[in-house]
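# Breakdown of the fold
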Amino acid sequence: MKRGNIMNPFVGYLNTLHNASGSNEHAIAENNISEKDSFSKELFFHRNISEQLFKKLISGDGQILILTGHAGDGKTSILQEIIRKCTGEELEPNQLEGKVTYENGRNIYYVKDMSEHEKEKQISIFKEAISIQERKESIILISNTGPLFNILQELGMEEERIIQMLDTREFSMVNERLDGKENVSILVANLALFDNSDIIAKFIERVVNEELWKPCMQCEKQSYCPIFFNKENTKENMKQVVAFAEWFYRWNFEHGERFTVRQMLAHIAYSFTGDMTCEQIRKLQEVGNEKRKLYNSFSNLFFGFHYEKGKSVCHKDALQIKPIYVLQQQKLDRKRIEAEYELYVQHNYSGLPEKISSCIESCHKAQELQEVEEGMDKEFVRVVKRVYFMYHNKGDIENKELQKAVFSDMFSLYMELQSADIVSSRIKNQIKNIVFHALHVLFMGTPPDQSDKIYLTLRRRGNALQKVQVSQGYVDKEDFILKFNGYSNVTNGRNEKCVFLQCKQQKMELTLPMLEYFKEIESGRVITQVDKRLSQGVENIKTKIFRAGKKNEEEDTITVVYSEAGKFKKMELFIEDGKITVEK
């Protein structure tokens, strides 16, 4: 069959999902997954969170479900999926409220966006929701968090209870007295606190569906089209592509830099196309396209770099896509990895898929000629490293090393913890030793010696070591108990864990940033900057440990600890009749 310059409309559709060109309407539209769009039906995927909420709505005695969060978190998408499950039909984009009936006879009402209404109308809607529940029916209310907070306060809910209800990674079920009525049952899903990284595998799996790329099979430009190259390589190496993308999103989520569903889909869509069009591809000549494919590869575009005049350069327009902006700020592609000698000195690309390695080898030969005149191109090195991140085929052991090198040692341990059914003694002991070591340094200025005791000293801020310190009490290592509180990750259905440190009656959550900070201290690294939220969290832990510590019992006694020959020793100063007596 004769080939020609075939246009694939799906490429154009992918370009509507991101805002790299600054003119894509669907990148900011609420209905960008509506099946009225020609390709959205093929890209539609079921989310675990929608399934769980649907089951709660159709069972029991009726439910008020509140979906809240940021714009782009997928609130409307969840509503659409629930309606589809009820009726098999689609939610009309302009329909702001309505009612559907499930096959068991349960009526489910919905209000698409309460924020569109004035405050009085919002309160009226919520009162009607209470009445609907009293009739043992269900209702879905979508609201931004600010207006929701104000409504619940107006109806009599205490501020502390509202904060507690909204501040959780799980569904929050409460029974409250609202508008003078007892035991009003509310189910809240605050999507702003949920990890959305589970959608990546589902979305990519649908993007690389062969049906959507059939026009490309008849295109004479196929062999050197960067977009088709990305589709082929991503499909063949999907496990690693998804793994690295999920690490990036999850690590940032744990650090408070969360991305919405819309931002993630925009990022992935751009990584396939680089905002290129079939019209641009049809103008390409046959020569010199290996470098164009490599520099416009999924991995390079994922980091916000593309081909321009023979070089890999930052795509300025792509910085409008938040994950790309964050990636370039974090400079993860400049982290040192073990494979660098293999890649840059030996030029051994055997750890990469054949299509990609042959493309790199071809570009490397051309690069060697250029280096004779201009010197080593650092950007070419980073292009290869980005490829390695997302396409290496060395398996889980190498992935653990990459997690440690690119993100942190503790991130690798943290992800192992999340996937473990039972927390092993190895993980428990490793975390406990790191935390104890770091707290010893924070309270006493030095790593622990053979003693399993931390004296709670009064130290001058910023002074790493004071040989003599006043102690208010102490804690023993055995006083510290690690607890792993399981919770259901509602977005992926897996049971995951929060890490807590318990000291006597004091319980403190150890977030990933805290664990990373403690690991840095244990490793002896000099830490010059700590962000405000982490600093507050660490100070909160120190305060609670002070409360839990064993206090000096004698009122007229001052306990002093001092360093001698690398060990801490204790002496007591007794004050009596204006005299000080020392007892060691």
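Conventions adopted
Residues numbered from 1 in each chain as written. Predicted model: local features only at pLDDT ≥ 70, side-chain atom pairs only at ≥ 80, totals over all residues. Heavy atoms only, no water. Pairing = 2+ DSSP bridges. Helix = DSSP H or I, 4+ residues; strand = E, 2+ residues; numbered from the N terminus. Axes fitted to C-alpha atoms, helices over the stretch in contact; angles between N-to-C directions. pLDDT = per-residue confidence, 0-100. Contact = heavy atoms within 4.5 Å. Buried < 20%, exposed > 50% of the residue type's maximum accessible area, 1.4 Å probe, protein only. Polar contact = N/O pair within 3.5 Å; in protein donor to acceptor, adjacent residues only side chain to side chain. Expected span 1.5 Å × (residues − 1). Arc of directions from axis to C-beta. Salt bridge = Lys/Arg side-chain N within 4 Å of Asp/Glu carboxyl O. 1 Å grid on protein atoms, 1.4 Å probe; cavity = no way out; pocket = protein on both sides within 12 Å on 5 of 7 lines; lining within 4 Å. Points joined across faces, edges and corners; volume = space filled by probe spheres on them. Core = buried A, V, L, I, M, F, W, Y, C linked by side-chain atoms within 4.5 Å. Phe/Tyr/Trp six-rings, centres within 6.5 Å; stacked < 30°, edge-to-face > 60°. Lys NZ or Arg CZ within 6 Å of the ring centre and 35° of its normal.

So, on to the sheet that holds strand β5 (residues 172-178). Taken together, 6 strands build an open sheet; the order of strands is β2-β3-β4-β1-β6-β5 and the sheet is mixed. The sheet is open, and its two borders are formed by β2 (97-101) and β5, each paired with just one other strand. Taken over all neighbouring pairs, the strand axes of this sheet differ in orientation by 25° on average, direction set aside. With 4 bridges connecting them, strand β3 (residues 107-111) and strand β4 (residues 138-142) associate as parallel partners.

Now for the confidence of the model for the protein. Regions with low pLDDT carry predicted coordinates that are not meant to be interpreted in detail. Per-residue confidence for the protein gives a mean pLDDT of 88; residues scoring 70 or more make up 92%. In this model residues 25-36 is a low-confidence stretch, pLDDT under 50, and it forms 29 contacts with partners more than four residues away in sequence or in other chains. Low pLDDT, under 50, characterises residues 371-376; the stretch is placed with 5 contacts to residues that sit more than four places away or in other chains.

This paragraph deals with the side chain of Thr-491. Mapped onto the secondary structure, Thr-491 falls in the loop between β11 (480-488) and β12 (495-503). Residue class for Thr-491 comes out buried when judged on its relative accessible area of 1%. A distance of 2.6 Å separates a polar atom in the side chain of Thr-491 from the backbone oxygen of Asp-195. Once you skip the residues sitting within four places of it in the chain, Thr-491 turns out to touch Arg-47, Asn-48, Phe-194, Asp-195, Asn-196 and Asp-198.

When the terminal C-alpha atoms of helix α11 (residues 261-273) are compared, their 19 Å separation across 13 residues agrees well with the 18 Å that a helix rising 1.5 Å per residue should span. Counting buried positions along α11 gives 11 out of 13 residues, so the element sits mostly inside the fold. Looking at α11, one finds that the buried residues are Val-261, Met-264, Leu-265, Ala-266, His-267, Ile-268, Ala-269, Tyr-270, Ser-271, Phe-272 and Thr-273. Immediately downstream of α11, the backbone of Gly-274 shows phi near 60°, a positive value.

Let us now look at helix α19 (residues 396-407). Taking 1.5 Å as the rise per residue, α19 with 12 residues should run 16 Å; its terminal C-alpha atoms sit 16 Å apart, in good agreement. Taken residue by residue, α19 has Glu-398, Asn-399, Leu-402, Gln-403, Val-406 and Phe-407 as its buried positions. What you see down the axis of α19 is that its buried residues fit within an arc of 145°, all on one side. Residues of α19 that are buried in the fold lie against α10 (238-254), α18 (378-391) and α20 (409-419).

What the rule picks out here adds up to 37 salt bridges. Between Arg-161 and Glu-176 there is a salt bridge; the shortest N-O distance is 2.3 Å. Here Glu-176 lies in strand β5 and Arg-161 lies in helix α7 (residues 159-166), a separation of 15 residues in the sequence. By relative accessible area, Glu-176 is classed as buried at 10%. One salt bridge in this structure joins Glu-210 and Lys-235, with 2.9 Å as the shortest N-O distance. One end of the pair, Glu-210, is in the loop between α8 (199-207) and α9 (226-236); the other, Lys-235, is in helix α9, and 25 residues separate them in sequence. The class of Glu-210 is partly exposed, set by a relative accessible area of 33%. Lys-235 sits in the partly exposed class, given a relative accessible area of 35%. Where salt bridges share partners, they join Glu-210, Lys-231, Glu-232, Lys-235, Glu-236 and Lys-355 into one cluster.

This next bit is on empty space enclosed by the protein. Counted under the stated rule, the structure contains 4 cavities of 30 Å³ or more. Considered as a void within the structure, the second largest cavity measures approximately 140 Å³ in volume. Looking at the second largest cavity, it is lined by 17 residues, and the ones nearest its centre are Ile-6, Cys-216, Cys-219, Cys-225 and Cys-278. Broken down by secondary-structure element, the contributors of at least two residues to the lining of the second largest cavity are α9 and α12 (278-281).

Let us now look at the nonpolar core. One finds Ile-204, Trp-213, Phe-302, Leu-439 and Phe-518 to be the most contacted residues of the largest nonpolar core, which totals 117 residues. Listed in part, the 27 residues of the second largest apolar core include Ile-66, Ile-123, Ile-132 and Leu-141.

By the element assignment, Val-582 lies in strand β17 (residues 579-583). Taking the C-alpha atoms as reference, Val-582 lies 6.9 Å from Met-571; in sequence the two are 11 residues apart. Apart from the residues within four sequence positions on either side, Val-582 is in contact with Met-571, Glu-572 and Leu-573.

The sheet contact formed by strand β7 (residues 305-308) and strand β8 (residues 311-314) spans 4 bridges and is antiparallel. Considered in β8, the bridge of Phe-305 is made with Cys-314.

With that out of the way, let us pick up the packing of aromatic side chains. What the rule picks out here adds up to 27 aromatic pairs. Ring geometry for Phe-302 versus Phe-303: centroids 5.9 Å apart, planes at 65°, classification edge-to-face. Pairing Phe-407 with Phe-411 gives two aromatic rings, centres 5.2 Å apart and planes at 50°, and the pair type is tilted. On the accessibility criterion, Phe-411 (0% relative accessible area) is buried. Between the NZ or CZ atom of Lys-507 and the centre of the ring of Phe-500, over which it lies, the distance is 4.7 Å.

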